Amino acid sequence: MFPPREEFLRVLPILIFCGGGTLLMLLQPFLRSRTAFSLLALAGSLTAVVSVGCSAAHPGAAFYGLIGSDPASVFFEFLVGAVAFLVILGSASYLERESLAPAEFYALIFFAAAGMCVLASAREMLTAFIGLEMSSISSYILAGYRRESPKAAESALKYFLLGSFATAFFLYGIALLYGSTGTTVIAQMTPLAPGLLPKLGLALLLIGLSFKVAAAPFQLWTPDVYEGAPTPVTALFSAGPKAATFALLLRIFVEMPLAAGEWTRIFWILAVITMFAGNLGALLQTNVKRILAYSSIAHAGYILVAFAASNEIGVAAVLFYLLAYAAAKLGAFSVVAHLGGAGEKRIELDDFAGLAQRQPIAAAAFSLFLLSLLGIPVTAGFFGKFYIFKAALASHLIGLAVLLGVNSVIAAYYYLRLIIVMYMREPKEETAALPFPGAVTTVLALCALATVYFGLFPNHIIAFASNPRLFGH
Amino acid sequence: MTPQLIVFFVLAALAVLGAVTLIAARHPIHSALALIVVMVALAGLYLLQGAEFVAAVQIIVYGGAIMVLFVFVIMLLNAGEEERTSLSRIARVAGIPLALALSGFLAAAVLRSSHAAAQAPVTAASTRGLSMLLFREFVFPFELTSFLILVAILGALVLAQREN
């Protein structure tokens, strides 16, 4: 009994990422040139992005309903594919500068992306678990890819130990849910008997996933891991796994009969402590990578506000926000990856002083991404925050909306400080400009384009995300 | 009390005892040995449920391969007795009541829902049922697992290979 052809087409992006990663591994002993691997990886990830269209053209369940293609999975697979493509495009020059092996690096990115696509399209918990593990284990290895750097080792070890701990919570949650519902299919999880067991299972699941999206109080690993990992990998971490994990969380809380209603208060609390943990933590930092790491904690908090609202605008807001956030974060980290210079030694705030005179275009692009993260109009980040506000107000969460506003004001301090340093402050010592290679410039241009385009025309995405049949069924 | 029930309680007590020793023991090798007891006791419990394949795999993979790996790593690192820090004391003070609360809570929940759970069909216990599940319904995650293992192998290569 071989599954019909459409079922393979529905999961084509996953197959291409898995196959591409394997191919890169097989070619590793034979190809010597870095360019060949970069081109191959670029072609592979581009094919995967294009194949999302194929998955979109064949909506429906595949492989006994364990996985499937629906508008939500298509959206997130596209996002993950685009993130992988841009990270690969931006990391070729980085790998060469740090003299790191390209084949394994790209293969790991492929497998991580495959795992994220599984997370985004799984309709059953065990499949989602394998996806989560694929993405996580690849991430642990990528975090420690600069083997001679002690910070990278710390980053990988911390991520691995805490991540495995979180995975255990997730798995225990699945076990309890299976015990109390008799199934692992998300949409069929109705408790066999009333009681606290399914709620405990769901709570454990939430703990595991909160760790992966860096939500407080499970966010302590984030700054160290983000700082120690190679910066292109940090870009991947902040955009990819976060989007895929939120996709799963969204699916659980939209589809699972168990998860209806009463979780609002929990998300309320999670959102508030996450926003404050991120924004207050960022105020004290002088390392640009750490500032951006704390800012990604804060952004997880903003997205959790939409979860607390738990209405249709909230779902659309989560999708839009993740897109806007991915473009801005990817762009910002690409700038840092390049300007950090050999060994990533120049990533302190002072190193960015006078950047506007040295490299006006880079400074302008970086400022644009920071303003989008801050949520200034004409950037995508503005509409992201706007729709989250709208969702919170539609559910009468006035207090939460106010706290979101307060946090945006706190965040303004450290984003604007960075911009002021670039434009107003004189550099302490004379530093040479580091011209951007073409590939990195392309990444920045694409991210800036997305940031401005969705900052002017958010309607396409919102209309797409407001589809009542976003999650299959 | 049926013989099955007696065997169950003996194995369950052994598993719990092993698990407590695993956490309480100071020397890692004692912990590893206690873990073997847990694994074997669990294998017995699976056998009691009629899941002979899972029981065999439990012994071969967990009791055998993984434990050998644990013991090897402990010996290679020459790990001595673990140190007690002030943090681990706090963990004990907070952990014991939490663990007791969780087990009490789970016991209560299982007791209350045991009736409903007993009605749930158990198809996967037998080797035949399990293979049907693995190679038909769950073939997609099953195949994905091979990529997961590939990632782990790749990771070992990347992190441990000699600089060239």
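Just so you know, these numbers come straight off a predicted model, no measurement behind them.

The rules behind these values
Residues numbered from 1 in each chain as written. Chains lettered and ligands numbered in written order. Predicted model: local features only at pLDDT ≥ 70, side-chain atom pairs only at ≥ 80, totals over all residues. Heavy atoms only, no water. Helix = DSSP H or I, 4+ residues; strand = E, 2+ residues; numbered from the N terminus. Rg over C-alpha atoms; globule rule 2.2 N^0.38 Å. Buried < 20%, exposed > 50% of the residue type's maximum accessible area, 1.4 Å probe, protein only. Contact = heavy atoms within 4.5 Å. Areas by Shrake-Rupley, 256 points an atom, 1.4 Å probe, with all protein chains shown as cover. Lys, Arg positive; Asp, Glu negative; His and termini not counted. Charge placed at Lys NZ, Arg CZ, Asp CG, Glu CD. Axes fitted to C-alpha atoms, helices over the stretch in contact; angles between N-to-C directions. Parallel < 35°, antiparallel > 145°, perpendicular 65-115°, else oblique. Left-handed = near helix turned anticlockwise from the far one by under 90°. Buried area = accessible area lost by both parts, 1.4 Å probe. Polar contact = N/O pair within 3.5 Å; in protein donor to acceptor, adjacent residues only side chain to side chain. Nonpolar A, V, L, I, M, F, W, Y, C, P; charged D, E, K, R; others polar. Domains from an automatic or database assignment. Salt bridge = Lys/Arg side-chain N within 4 Å of Asp/Glu carboxyl O. Phe/Tyr/Trp six-rings, centres within 6.5 Å; stacked < 30°, edge-to-face > 60°. Core = buried A, V, L, I, M, F, W, Y, C linked by side-chain atoms within 4.5 Å. Patch = residues over 30% accessible without salt bridge, like charges linked within 9 Å, V, L, I, M, F, W, Y side chains within 5 Å. Expected span 1.5 Å × (residues − 1).

What follows deals with the overall build of chain A. When you go through chain A residue by residue, the secondary structure sums to 19 helices and 2 strands. Computed over C-alpha atoms, the radius of gyration of chain A comes to 21 Å, within 12% of the 23 Å expected from 2.2 N^0.38 for 473 residues, which places it in the range of a compact globule. Taken along the three principal axes of its C-alpha coordinates, chain A extends 70 × 60 × 40 Å. Among the 473 residues that make up chain A, the fraction classed as buried is 63%. Of the contacts made within chain A by residues no fewer than 6 positions apart, 80% connect residues no fewer than 24 positions apart. Counting every atom, chain A has about 16,400 Å² of accessible surface; 71% of that belongs to carbon and sulfur. Taken as two groups, the 27 positive and 23 negative side-chain charges of chain A have centres that lie 3 Å from each other.

Time to look at the overall build of chain B. Secondary structure assignment for chain B yields 6 helices and 0 strands. Along chain B, from the amino end to the carboxyl end, the secondary structure elements read α-α-α-α-α-α. Scaling as 2.2 N^0.38, a compact globule of 164 residues should have a C-alpha radius of gyration of about 15 Å, whereas chain B reaches 20 Å, well beyond that. For chain B, with 164 residues in total, the buried portion stands at 21%. As presented, chain B carries roughly 11,200 Å² of accessible surface, and 74% of it is formed by carbon and sulfur atoms. Across chain B, the 8 positively charged side chains and the 7 negatively charged ones have centroids separated by 9 Å.

What follows is about the packing of helix 2 (residues 12–27) of chain A against helix 5 (residues 102–121) of chain A. All names here are of chain A. In contact at an axis separation of 8 Å, helix 2 and helix 5 are set at 165 degrees when each is read in the N-to-C sense. Here helix 2 lies roughly antiparallel to helix 5, going by the angle between them. In terms of crossing hand, the pair formed by helix 2 and helix 5 is left-handed. From helix 2, Ile 14, Ile 16, Phe 17, Cys 18, Gly 20, Gly 21, Thr 22, Leu 24 and Met 25 reach across to helix 5, where they touch Ala 103, Tyr 106, Ala 107, Phe 110, Phe 111, Ala 113, Ala 114, Cys 117, Val 118 and Ser 121.

Taken together, the contact between chain A and chain B spans 36 residues of the former and 27 residues of the latter. Summing both sides of the interface, chain A and chain B together bury roughly 2,900 Å²; the carbon and sulfur share of this comes to 83%. Looking at the side of chain A facing chain B, the largest losses of area belong to A:Tyr64, A:Ile130 and A:Arg147, adding up to 20% of the total buried there. Taken together, the connections running from chain A to chain B amount to 1 residue pair in polar contact (both at pLDDT 80 or more). Tallied by class, the residues present in the side of chain A that touches chain B amount to 26 nonpolar, 6 polar and 4 charged.

Entries for chain B in the domain assignment read domain 1 (1–84), domain 2 (89–123) and domain 3 (125–164). When each unit is reduced to the centre of its C-alpha atoms, the spacing between domain 1 of chain B and domain 2 of chain B is 20 Å.

Residues and elements named next belong to chain A. In the segment running from Ala 216 into Pro 217, the intervening peptide bond is cis, with an omega of 0 degrees. With respect to the helices and strands, Pro 217 occurs in the loop between helix 8 (197–212) and helix 9 (222–228). The backbone phi angle of Phe 63 is positive, close to 50 degrees, even though this residue is not glycine. Residue Phe 63 is classed as buried on the basis of its relative accessible area of 5%. Not every positive phi belongs to a glycine, and Ala 214 is a case in point at roughly 60 degrees. With respect to the element layout, Ala 214 can be found in the loop between helix 8 and helix 9.

Here the focus is the pattern of salt bridges. Residue and element names in this part refer to chain A. Applying the stated criterion across every chain, the model contains 10 salt bridges over all chains. For Asp 70, the salt bridge is made with Arg 123, and the minimal N-O distance between the two is 3.3 Å. With Asp 70 in the loop between strand 2 (67–69) and helix 4 (71–97) and Arg 123 in the loop between helix 5 and helix 6 (125–143), this residue pair connects regions lying 53 residues apart in the sequence. Exposure class is identical for Asp 70 and Arg 123. Each is buried. Between Arg 97 and Glu 98 there is a salt bridge, with the nearest N and O atoms lying 3.1 Å from each other. Classification of Arg 97 as partly exposed rests on a relative accessible area of 28%.

Here the focus is the packing of aromatic side chains. Residues and elements named next belong to chain A. This model, assessed by the stated rule, comprises 35 aromatic pairs over all chains. Taking the centre distance of 6.4 Å and the plane angle of 45 degrees together, the rings of Tyr 226 and Phe 237 count as tilted. On the criterion of sequence distance, the pair formed by Tyr 226 in helix 9 and Phe 237 in helix 10 (residues 231–255) is long-range, its members being 11 residues apart. Here Tyr 226 matches Phe 237 in class, with each residue buried. Measuring from ring centre to ring centre gives 6.1 Å for Phe 383 and Phe 386, while their planes differ by 85 degrees; the resulting arrangement is edge-to-face. Here Phe 383 pairs with Phe 386, and both are found in helix 16 (residues 380–394), just 3 residues apart, close to one helical turn. Residue classification places Phe 383 among the buried residues on the basis of a relative accessible area of 18%.

This part takes up the domain arrangement of chain A. Residue and element names in this part refer to chain A. You can read the domains of chain A as domain 1 (1–260) and domain 2 (262–473). Placing the centre of domain 1 and that of domain 2 at their C-alpha centroids yields a distance of 21 Å. Across the contact, 55 residues belong to domain 1 and 51 residues belong to domain 2. Between domain 1 and domain 2 lies a buried interface of about 4,500 Å² when both sides are counted; carbon and sulfur atoms form 75% of it. Applying the counting criterion to the domain 1 and domain 2 interface returns 2 salt bridges. Scanning the region where domain 1 abuts domain 2 turns up 13 residue pairs in polar contact (both at pLDDT 80 or more). Taken together, the elements giving at least two residues each to the side of domain 1 that touches domain 2 come down to helix 4, helix 8, helix 9 and helix 10. Ranked by the residues each element gives to the side of domain 1 that touches domain 2, the list is headed by helix 10, at 16 residues. Here the residues of the side of domain 1 that touches domain 2 sort into 36 nonpolar, 8 polar and 11 charged.

A few words now on the nonpolar core. Residues and elements named next belong to chain A. The biggest cluster of nonpolar side chains holds 186 residues, and the ones touching the most others in it are Ile 252 and Phe 366. It is helix 13 (residues 312–339) that provides the largest number of residues to this core, a total of 20 residues. When near neighbours in sequence (up to four residues on either side) are disregarded, Phe 366 contacts Val 288, Ala 332, Val 335, Val 336, Phe 352, Leu 418 and Met 422.

Residue and element names in this part refer to chain B. The grouping of Met 1, Leu 5, Ile 6, Val 7, Phe 8, Phe 9, Val 10 and Leu 48 at the surface amounts to a nonpolar patch, some 730 Å² of accessible area in total. The leading source of residues in the nonpolar patch is helix 1 (residues 3–24), at 6 residues. Checked against the element boundaries, Val 7 lands in helix 1. Look at Val 7 and you get partly exposed, because its relative accessible area is 38%.

All names here are of chain A. With 24 residues, helix 3 (residues 34–57) ought to run about 34 Å at 1.5 Å a step, and its terminal C-alpha atoms sit 35 Å apart, in line with that. If you check which residues of helix 3 are buried, you get Phe 37, Ser 38, Ala 41, Leu 42, Gly 44, Ser 45, Ala 48, Val 49, Ser 51, Val 52 and Ser 55. Summarising the contacts, the buried residues of helix 3 are in contact with helix 1 (5–10), helix 2, strand 2, helix 4 and helix 5. Measuring from the side-chain oxygen of the N-cap residue of helix 3 to the backbone nitrogen of Thr 35 gives 3.4 Å; that N-cap residue is Ser 33.

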